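Given next are the chains, with one letter for each unit.
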Amino acid sequence: MTGDSGVSETSVSTDASSDVETELSRDMSLFDITFIGVGAMIGAGVFALTGFAAGLAGPALTLAFFLNGFVALFTAVSYAELGAAFPEAGGGYLWVKEALVDPNGFYAGWMSWFAHAVACSLYAVTFGVFLTEFIVYSGVLSEGFVLLGFIDRLLLDKVLAVLMVSLFAYINYRGAEETGKAGVIVTGIKVAILGVFVAFGILATLNTPDWPTKFLGHPSFAPNGVIGIIGAMGFTYIAFEGYEIIVQSGEEVVNPGENIPKAVFYSLAIVVPIYILVAFAAIGGISVVPELAQRAGLAADAPTWQLLGNLGELGIIEAAGQFVPYGVPLLLIAGLTATMSALNATVYSSSRVSFAMGRDRALPGIFDRIHPEKRTPHWAILLSAVLIILMAVTLPIESVAASADIMFILLFVQVNWTVIKMRKTHPDLPRTFEVPYMPWPPLIGIVLQFLLTPFLLSALGMEIGLGPDSHGFIALITTVLWMGLGIAVYYGYSERKEEEKLEEEAPTVVAEQAPASERSSRDQRLLVPIANPESVEQLMRTAFDLAEERDADIEVVSVVTVPQQTPLSEGRQFVSEEREVIDSALEFAAEERPDIPVSGKIRIGHDVSRAILNTIEQDNIDIVLMGWRGRGRRADYVLGSNVDQIVTQARCDVLVERMGPTGEVNSILVPTAGGPHAEFAAEIAHAIAVPNEARVEVLYISTTTDENGDTVLEETAAILDGVDTDTTLVENGDIVKEIVDRSGGHDITIMGASRESLLEQLVFGAIPEEVGRRAKNTVIMAKRDLGITSRVTRWFRGYRRRR
């Protein structure tokens, strides 16, 4: 069925008053996209890297995190400007490709793919470490276990990492997704647990008599000097990959020109204080007890920052075990949740980048293939998973983190240079946000990021000519090998294929036409979502009657859905399936009612109901008319997941037509109990009865204490002025049975929503829904939009009932 707003593509009309548009769905709010960025920035990194970073910077880790936020700000402004101007999947790769000469564009994608894959391998290894620690902590395995005679702790970490990457690759292939609400919940849990950690850590710090010496002495605030501070900055810079995750989702963000820059800055403002507070709590709250000192290979009088560094990815976990009630299991659960969330996000983002490169022929065409059934880039997901697993298995966790840091730093340098270049090459680009004081912020960002890399390598033990086993040396060699492989791929394959693609696309011409809404001067807009070709004629006939009565134009919409893992732009290859439905509706309209403006729209989105709801909001829809086949009830859905959400959330009048036998409309039944929804149902009955010259029976079924029947019947008959109307009052009857029995003598039954609370798993109310299921002929259920007053009243009623 439907989608959201976005980038308009070609339109083809069937007559002078109708056309078909293809649009991308945009349904992520500012809150959603901000939490995506926050979730990425405080993902596994804060759990896995804080200990290592403390070993590099010492107590000055708090300063390192603050300076990281300062350095990141100079790149944040570049991402804000370009992300708002180019809200498309692909992020930095697409921008660099657009602005800089080859092979810069190729290398941006090549590094971005590797950086996301390596980041994913970091999260996978961290998950393995945390899960193994959780198993040991729970007593299932002993501290020095060896399984099957050869599986020690390190090997089990790697095996678990491989299993989790494989699982999330399969989930992404299947098209399953972490919904926006679930992502917000997971991020909220992580922030809450870190808040608990910080609170107890600060309390433990202040309760230590000589706590200032943990930061200013033993031996100093910055025991490894400037090299240690900047090295820790570079080592944890991977946290700011959240920029890239935010812009990767740009084509799905509502009002991206405004919301993407805000999300970039809001996420940075939230994350930096969290990192600083976590570092302070960990260094100040932990104590060097004999058991931990022995485990870390340190003397009993070692400083706390050194203890955290030697404990590595388990440093923050052991700290929580000392000063947070149930701290070890709590932080392990939070770490496992964070790593799984980050795993899913980076499998998704790495496959998106490689898919975009395959689409541009920078990588072989196999990366560009979409699974015909799952509609996911299955080969891009598989090959990205292979790369992730290879890195997770072969490299130590410190080298994995350092390799990802180097790649992201190089990518950010390219993005900063791109924003400068585009001011000259693309002066007319629609910039809703502009970097101030150009070109100084991005230039400063470039210089500062170049400074991070050598300090990072040096802090990890890299010395010129020495240290072949150090993590910095391994990270550098990994980076050089990947870049060298990139040269071979580009000059051996990509350069030639990209030239062929340009030659093929040169003759393409796109024709655009103004949508019908711009040519119509009618008072209202009526939206008709259609997914089933068999529903076209019946829904369109109802729509014609309503449009004539209300002086409305009609917008027919159908939705192409693709999984979250697939960029929305790739949904265009599936448009032909839905276009047949739209074309049949437009052809029927041209033949039956050429006097009524009818437009067609195909929307591409990840969720049908969200796409329709966004269409309602963005196209200023007054009434939505949906079809329903009356399928059986499920415990979690009343009418069906899509219909339920639209009826309960749409900010317009809603009609749901339970499809019955087609044919002429000679008789209409209007059961009523009074109220705004029943009045709306009577108005719909009037709209259908007049052009069809149909007779209407208004039915009121009273209860033992009800004395309003005659009044309600008179008021309803007045709405049906000019229509042949009969009124019937039934006393003390079974409401549903009476309506269902009488509906058999009419062609259509039209009834308004009843008054039960929408918070109680009801959409139109129990009576209309039951009639809709049991009636033999067509049933139209009507719900009038009562605005904010209605929503507050319904919430208050539900609250009182729950009390």
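Each chain carries its own residue numbering, running from 1 in the written order of its sequence. Only residues with pLDDT of 70 or above have their local features reported here, since the model is predicted, and side-chain atom pairs are shown and tallied only from 80 upward, although totals for entire chains, interfaces and linings are computed over all residues. Here the side-chain values reflect all heavy atoms present in the structure, with hydrogen atoms and water set aside.

Another point: the overall build of the chain. Each helix is a run of H or I in the DSSP string that is no shorter than four residues. Each strand is a run of E no shorter than two, and both are numbered from the N terminus. Of the regular secondary structure elements, the chain holds 30 helices and 12 strands. Among the 803 residues that make up the chain, the fraction classed as buried is 57%. We call two residues in contact when some of their heavy atoms are within 4.5 Å. For the chain, the proportion of contacts with a sequence separation of at least 24, taken over those separated by at least 6, is 81%. In these tables, accessible area is a Shrake-Rupley quantity obtained with a 1.4 Å probe, and a residue counts as shielded only by the protein chains included in the view. Accessible surface for the chain amounts to roughly 32000 Å². Of this, 58% is attributable to carbon and sulfur atoms. Buried means the residue's accessible area, taken with a 1.4 Å probe over protein chains only, is under 20% of the maximum for its type, while exposed means over 50%, and partly exposed covers the values in between.

Right, let's get into the confidence of the model for the chain. Of the residues in the chain, 84% have a pLDDT of 70 or more, and the chain-wide mean is 81. The score called pLDDT rates the predictor's confidence residue by residue, from a low of 0 to a high of 100. In this model residues 502-519 is a low-confidence stretch, pLDDT under 50, and it forms 21 contacts with partners more than four residues away in sequence or in other chains. The low-confidence segment residues 789-803, where pLDDT is below 50, has 14 contacts with residues more than four positions distant or belonging to other chains.

Turning next to the side chain of Ser 702. With respect to the secondary-structure elements, Ser 702 resides in strand 9 (residues 695-702). With a relative accessible area of 8%, Ser 702 lands in the buried category. Filtering out sequence-adjacent residues up to four positions away, Ser 702 remains in contact with Leu 729, Val 730, Glu 731, Asn 732 and Gly 733.

Burial of strand 8 (residues 667-671) is extensive: five of the five residues sit out of reach of the surface. Burial along strand 8 is two-sided: Ser 667, Leu 669 and Pro 671 and Ile 668 and Val 670, pointing in opposite directions, are all buried. The path from the first strand over the helix to the second decides the hand: if it runs clockwise while the strands point away from the viewer, the crossover is right-handed. For the handedness criterion, the β-α-β arrangement of strand 8, helix 26 (residues 676-692) and strand 9 is classed as right-handed. Note: two strands are recorded as paired if DSSP finds a minimum of 2 bridges between them. Where strand 8 and strand 11 (residues 748-752) come together, two bridges link them in parallel fashion. The residue bridging Ile 668 from the neighbouring strand is Ile 748, located in strand 11.

What follows covers unusual backbone geometry. Between Met 438 and the following residue, Pro 439, the backbone shows a cis peptide bond with an omega angle of 5°. At Asn 255, a residue that is not glycine, the phi angle is positive and equals roughly 50°. Within the secondary structure, Asn 255 sits in the loop between helix 11 (242-248) and helix 12 (256-285). With a phi angle near 55°, Asn 620 is a residue other than glycine that sits in the positive phi range. With respect to the secondary-structure elements, Asn 620 resides in the loop between helix 24 (608-618) and strand 6 (623-628). Residue class for Asn 620 comes out exposed when judged on its relative accessible area of 58%.

One way to put it is that helix 12 packs onto helix 15 (residues 315-323) with a least axis distance of 9 Å and a crossing angle of 65°. As for how helix 12 packs across helix 15, the hand of that crossing is left-handed. For the pair helix 12 and helix 15, the contacting residues are Val 278, Ala 281, Ala 282 and Gly 285 in the first and Ile 316, Ala 319, Gln 322 and Phe 323 in the second. Each residue belonging to the contact of helix 12 with helix 15 can be placed in one class, and the counts come to six nonpolar, two polar and no charged. The angle between two axes is taken between their N-to-C directions and runs from 0 to 180 degrees, where each axis is a line fitted to C-alpha atoms and a helix contributes only its stretch in contact. Crossings are classed by handedness, with left-handed meaning an anticlockwise turn of the near helix from the far one by less than a right angle and right-handed meaning a clockwise turn. Throughout this entry, Asp, Glu, Lys and Arg are counted as charged residues, while Ala, Val, Leu, Ile, Met, Phe, Trp, Tyr, Cys and Pro are counted as nonpolar. The remaining residues, Gly among them, count as polar.

Our next topic: the pairing of strand 7 (residues 653-658). Of all six residues making up strand 7, six are buried, and the element is well covered by its neighbours. The alternating pattern of strand 7 places Asp 653, Leu 655 and Glu 657 on one face and Val 654, Val 656 and Arg 658 on the opposite face, and all of these are buried.

Okay, empty space enclosed by the protein next. Detection works on a 1 Å grid of protein atoms alone, calling trapped sets that fit a 1.4 Å probe cavities and calling open sets with protein on both sides within 12 Å along at least five of seven lines pockets, with lining residues defined by an atom within 4 Å of a point. Grid points are joined across faces, edges and corners, and a volume is the space filled by probe spheres set on the points. Evaluation of the coordinates by the stated rule reveals four cavities of 30 Å³ or more. What the largest cavity holds in volume is close to 60 Å³. Along the walls of the largest cavity sit Thr 672, Gly 674, Gly 675, Ala 678, Glu 679, Val 712, Glu 715, Thr 716 and Ile 719, which together make up its complete lining. Put simply, the parts of the chain that give the lining of the largest cavity at least two residues each are helix 26 and helix 27 (709-719). Examining the composition of the lining of the largest cavity, we find that four residues originate from one element, helix 27, more than from any other. Class assignment for the residues of the lining of the largest cavity results in three nonpolar, four polar and two charged.

Okay, a negative patch on the surface next. Residues enter patches when their relative accessible area tops 30% and they take part in no salt bridge; the joining distance is 9 Å for like charges and 5 Å for the nonpolar side chains Val, Leu, Ile, Met, Phe, Trp and Tyr. Any Lys or Arg side-chain nitrogen found within 4 Å of a carboxyl oxygen on Asp or Glu counts as a salt bridge. Neither His nor the chain termini are counted; the positive set is Lys and Arg, and the negative set is Asp and Glu. Where a charge lies is defined by one atom per residue type: Lys uses NZ, Arg uses CZ, Asp uses CG and Glu uses CD. Among the surface-exposed residues, Glu 679, Asp 710, Glu 714, Glu 715 and Glu 731 lie close enough to one another that they form a single negatively charged patch. Broken down by element, the residue count for the negative patch peaks at three residues, all from helix 27. Within the secondary structure layout, Asp 710 lies in helix 27.

Bringing the packing of aromatic side chains into the picture now. Aromatic ring pairs are described here by two measures, namely the spacing of the ring centres and the angle between the planes. The criterion for an aromatic pair is that two Phe, Tyr or Trp rings (for Trp, the six-membered ring) have centres within 6.5 Å, with stacked assigned to planes under 30 degrees apart, edge-to-face to planes over 60 apart and tilted to the rest. In the structure shown here, the tally under the stated rule is 24 aromatic pairs. With a centroid separation of 5.1 Å and 85° between ring planes, the pair formed by Phe 70 and Phe 74 is classed as edge-to-face. One end of the pair is Phe 70 and the other is Phe 74, both in helix 4 (residues 61-85) and four residues apart, which spans about a single turn. With a centroid separation of 6.0 Å and an interplanar angle of 35°, the aromatic rings of Phe 408 and Phe 412 are classed as tilted. Taken as a pair, Phe 408 and Phe 412 lie in helix 18 (residues 397-425) at a separation of four residues, close to a single helical turn.

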